[in-house]
Amino acid sequence: MLEFIGPALEHLFTLENFLWMNLGVFIGSVFAAVPGLTVILCVILFLPFTYKMTAIPGMMFLLGIYCAGGYGGSVSAILINTPGTPHAAATMMDGHPLSQKGRTKAALKIALYASTFGGVFSALMLLFLGPQVAEVAAQLGTAEYFMVCLFGLTIIAGVSGKSMIKGIIAACVGLLISCIGADPMTSYDRFTLGIPRLYLGLDLAICLIGLFALVEILAKAEKKPGPLILDAEKMHDNGKISKEEYKRLLRPTLLSSIIGVMVGIIPGTGASEASWFSYDRAKAMSKHKEEFGHGSVEGIAAAEAANNAVTGATLIPLLTMGIPGDGTVAIMLSALMINGLNPGLSLFTTQGDIMYAIMIGLIFVNLFMLLQGSFLTKLFAKVVSIPQEILTPIIVLFCFAGAYSVNKNYFDVGVALIFAIIAWLLRKLEMPAVPILLGMVLGNMTETNFRRALLISNGNPAIFVSSIYCIIFIVLTVLAVATLIRSKMKEAKAGIKK
Amino acid sequence: MKKRILSAVLTLTMAVGLLTGCGGSKTASWTVTCPWAPSGVAAMVSQKAASMSTNYSENIILVADAIKGDAATVNTWVADTKADDTELVFAGEGLFSITSILDPAKLQFTYDDFVFVENLYSSVFVMSADASLNINGMSDLEAYLASADEISVAANGATSSEAFLAAALFGSMGYGEKLKITPYSSAAEAAQAVARGETSFAVSHQSQILETYQQGGVTIVCAFDGDDITDGEFAGVEGVGKYGYPYFRNRCFVLARSGTKAETVSELKKLYDDILADGEMASWLSDTMMLEVDTMSEQDVQNHIQNVQDIVNEYYDIVVN
């Protein structure tokens, strides 16, 4: 590890990298602050622009968006009682009440400090745990990888929303789309319909522009946007946090950061789960339980530390095994692979200088988030009230420019539009889009490893239970599925009782 | 008043910018599209050559671009370019000798759509074996094959140059029916597979197996060349040509769009030749990439394509079936 630190710092400390980091943090904060715009949408919109960059600036930019998105969502949650992103909902519980007590700046400050702590903690965990997990991952063979993919597919249950069946159907659509292009085992074409541009399969970034970005525009076109009125002048408090409050923040911030990391490593879970779980733990352990829900400083810190502590942790399974921890990092996988950085141990050995630069860069991304949050919060607050009539055309422009720029052809713009229509129809059927993304990301990997394992074993399925790693992942998959089914059944029962 | 001054300054800035753009610079940027992975051998060589172009030409700047996609990328390149466009593309025996026979419908071009500029390097593939098999040369290999029920070989792609080299070697040795080619998504994956014992052998570029070899995961069995390897970490490894077995080297040619002025093509060829003659480039190619500088003529290119096509036609059944 130490041999890579020097070259990594040399790669990292360039003006270009620091500019991209800051730009990413700024854009991420703005997107997350506006209700209705999500971090995943932001990453998708800007992904095509990173295709022309080298690995480090491209990843710095995307990680800037990803991390700042965690904090930006809290701005609108605190100011207007509407979470900018779903995972800021727990922050809203105490953030807005504290703001109503005339301590808006203080609430924003606590959210910022806790987010930064969680983010830096998570980045350090990635730096130290990533290479160790990669060492283990290097021992995995084709059969074991198939089992890892199968475990990864359990993510779908976690992101299925209300109906797991609909989530599974959506994932199957994603798996089917991943079959378009050359067969990974024989190189012959599948489902290309004789269209030469489909020989390579569909570009993930282009499909996602349709699935997540353009579809939002179609959905917005159906609604009349209501005005969002924000009185930025209400941020007139001095933002002071007392010594006693700082002391109270320490324990929930640290504990929530640990919870965030643990939740982030598990595929299928995400920042929302981490922030609610941490909020609940902080409340249970607090000496001031009565303050929760009425502007507790501990509540804000717990939720924010946890949702940002997820950011580095989700990269651990992604970088070591290619299994995305959540939907947003699944998209980042293409930014890595376009630069020839394939997940696995070699990423930490032969390409260690680049990898360590990215991991150390994540710490700086969080520090720049603290810096921008300290000086630009008022601006982010004003952004909350930008009218949708102005935002929508800008997003449409980005969508088309992004789709065109990937391969510089109009065919891709058409593909993005087709996917937008598919996504819009699926939305009408209340089917979630994230499982499609996961199906597309994991489809090729799952199929290739499954078929290759059977080729190695001459068709004998016993290869899938031939090693201890296979058994471990089978047990994990069964446990994950059982837990998710149980929680869904509980939710259903609770719904019936209501 | 302030607004007027601001407008005037903006207008002036834009006008100056436009006039600067009309400066009549003689320098032309040539984009060199590499249709393979950015981390692959060809893309890295292209990038290195491009970075040195300004040292040798005042008129031409080479800009390397890698877009994974093989035939699909070259199809797009051909569709989007015309004679005298400042665009170059890489293509090798994979497209002109293998895909053209296995799946001709995939190619929307022929060699006639291009004009040859230069070949930058040639690579001698090596075959490695799982270290536990203790196969260190051709005699060990022959002894092993005599008692093997199955010969499994990891290759980067099911119908790649590596797959055909394995088929040619084992086919000509009389073991074609026992051969099982297991395709992997990258050379690195294939190297790891053989080191783990998933397959008995792997065929790869020398640089791509070096790390696994140094870690003791594999032994090197032979080189796909006429003679033994003379330099570097693999010096002394036997060439299969010595035993009369078929082989070819991996080559990737830089091509311009057909119809491009001969004068321009010559200028580009001279630039590449100057870059390849640079000591730094030559030592980087041999020491880091384990490749050889290999400038070629149009006739050499045709001979190479034909040689590989002959091998593909002969061992087609082994690979495809």
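Residues numbered from 1 in each chain as written. Chains lettered and ligands numbered in written order. Predicted model: local features only at pLDDT ≥ 70, side-chain atom pairs only at ≥ 80, totals over all residues.

If you tally the helices and strands in chain A, you get 21 helices and two strands. Counting only C-alpha atoms and orienting by the principal axes, one finds that chain A spans roughly 70 × 60 × 45 Å. Looking at chain A residue by residue over its 498 residues, the buried ones come to 57%. Taking as baseline every contact in chain A between residues at least 6 positions apart, the subset at least 24 positions apart corresponds to 79%. (Helix = DSSP H or I, 4+ residues; strand = E, 2+ residues; numbered from the N terminus. Buried ≥ 20, exposed ≤ 12 C-beta atoms within 10 Å, placed from the backbone. Contact = placed C-beta atoms within 7 Å.)

What follows concerns the overall build of chain B. Secondary structure assignment for chain B yields 11 helices and 11 strands. Seen through its C-alpha atoms, chain B measures out along the principal axes to roughly 90 × 40 × 35 Å. Looking at chain B as a whole, 49% of its 321 residues are labelled buried.

So, about the interface of chain A and chain B. Contact residues are listed per partner, giving 19 residues for chain A and 21 residues for chain B. Considering each element in turn, the side of chain A that touches chain B owes the most residues, four residues, to helix 20 (residues 434–456) of chain A. Among the residues making up the side of chain A that touches chain B, the classes are represented as eight nonpolar, 10 polar and one charged. (Nonpolar A, V, L, I, M, F, W, Y, C, P; charged D, E, K, R; others polar.)

Attention now moves to helix 3 (residues 39–50) of chain A. Between its terminal C-alpha atoms helix 3 of chain A stretches 16 Å, which fits the 16 Å expected from 12 residues at 1.5 Å a residue. Counted residue by residue, helix 3 of chain A has 11 buried out of 12 residues, so it is predominantly covered. (Expected span 1.5 Å × (residues − 1).)

The next thing to look at is unusual backbone geometry. Positive phi, close to 55 degrees, is recorded for Asn 458 of chain A, a residue that is not glycine. A positive phi angle is found at Asn 134 of chain B, which is not glycine, with a value near 55 degrees. By secondary structure assignment, the location of Asn 134 of chain B is in the loop between strand 5 (125–130) and helix 5 (138–147).

Attention now goes to the sheet that holds strand 11 (residues 292–293) of chain B. Adjacent strands of a sheet form backbone hydrogen bonds with each other and so pair up, either parallel or antiparallel. Residues and elements named next belong to chain B. Reading across from one edge, 2-1-3-10-4-11 is the order of the six strands in this open sheet, with mixed pairing throughout. Two strands close off the open sheet at either side, each with one partner strand: strand 2 (60–66) and strand 11. Pairing of strand 1 (residues 28–34) with strand 3 (residues 87–92) involves three bridges; the strand directions are parallel. The partner of Val 32 across the bridge, within strand 3, is Leu 88. This element, helix 3 (residues 71–80), spans strand 1 and strand 3 of the sheet and lies at about 145 degrees to strand 3. (Pairing = 2+ DSSP bridges. Axes fitted to C-alpha atoms, helices over the stretch in contact; angles between N-to-C directions.)

With that out of the way, let us pick up the domain arrangement of chain B. How big an interface is tends to be stated in terms of accessible area lost as the parts join. Residues and elements named next belong to chain B. Once the domains are mapped, chain B shows domain 1 (27–122 + 249–314) and domain 2 (125–248). Spacing between the C-alpha centres of domain 1 and domain 2 amounts to 26 Å. Counting from both sides, the interface comprises 14 residues of domain 1 and, opposite them, 14 residues of domain 2. Among the elements of the structure, helix 4 (93–102) and helix 11 (298–320) are those that each provide at least two residues to the side of domain 1 that touches domain 2. Per-class residue counts for the side of domain 1 that touches domain 2 are eight nonpolar, four polar and two charged. (Domains from an automatic or database assignment.)

Right, let's get into the packing of helix 3 of chain A against helix 15 (residues 327–337) of chain A. All names here are of chain A. Running from amino to carboxyl end, helix 3 crosses helix 15 at an angle of 5 degrees, the nearest separation of the two axes being 10 Å. By the angle class used here, helix 3 and helix 15 are roughly parallel. Of the residues in helix 15, those touching helix 3 at Val 39, Ile 40, Val 43, Ile 44, Leu 47 and Thr 50 are Gly 327, Thr 328, Ile 331, Ser 334 and Ala 335. Of the residues that constitute the contact of helix 3 with helix 15, the class distribution is seven nonpolar, four polar and no charged. (Parallel < 35°, antiparallel > 145°, perpendicular 65-115°, else oblique.)

Here the focus is the environment of Phe 248 of chain B. Residues and elements named next belong to chain B. Mapped onto the elements of the fold, Phe 248 is located in the loop between strand 9 (218–223) and strand 10 (250–257). Under the C-beta neighbour-count criterion, Phe 248 is labelled buried, with 24 such atoms within 10 Å. Measuring from C-alpha to C-alpha, the distance between Phe 248 and Gly 232 comes to 20 Å, with 16 residues separating the pair along the chain. Phe 248 has contacts with Glu 93, Asn 307, Val 308 and Ile 311, leaving out every residue within four places of it along the chain.

Another point: helix 8 (residues 206–214) of chain B. Among all positions in helix 8 of chain B, only Gln 206, Gln 208, Ile 209, Leu 210 and Thr 212 of chain B are buried. Of the surrounding elements, those touching the buried residues of helix 8 of chain B are strand 5, helix 7 (187–196), strand 8 (201–205) and strand 9 of chain B.

Right, let's get into the sheet that holds strand 5 of chain B. Residue and element names in this part refer to chain B. Taken together, five strands build an open sheet; the order of strands is 7-6-8-5-9 and the sheet is mixed. Two strands lie at the open edges of the sheet, namely strand 7 (179–184) and strand 9, each paired on one side alone. Strand-to-strand twist across the sheet, computed as the mean angle between neighbouring axes with direction ignored, equals 30 degrees. Of the strand pairs in this sheet, strand 6 (residues 151–156) and strand 7 are connected by six bridges, and their pairing is parallel. Looking at strand 7, one finds that Ser 152 is bridged to Lys 180. Where helix 6 (residues 161–172) meets the sheet, its contacts fall on strand 5, strand 6, strand 7 and strand 8, and the angle it forms with strand 6 comes to roughly 155 degrees.

Below, the discussion takes up the pairing of strand 7 of chain B. Strand 7 of chain B sits mainly inside the fold: five of its six residues count as buried. In this fold, strand 6 of chain B hands off to helix 6 of chain B, which returns the chain to strand 7 of chain B; that crossover is right-handed. (Right-handed = clockwise from strand over helix to strand, strands pointing away.)

Right, let's talk about the pairing of strand 6 of chain B for a bit. Residues and elements named next belong to chain B. Of all six residues making up strand 6, six are buried, and the element is well covered by its neighbours. Neither face of strand 6 is left uncovered, since the one carrying Ile 151, Val 153 and Ala 155 and the one carrying Ser 152, Ala 154 and Asn 156 both have all their residues buried. As defined by bridge partners, strand 6 adjoins strand 8 across two bridges and the pair is classed as parallel. Counted as the bridge partner of Ala 154 is Ala 202 from strand 8.

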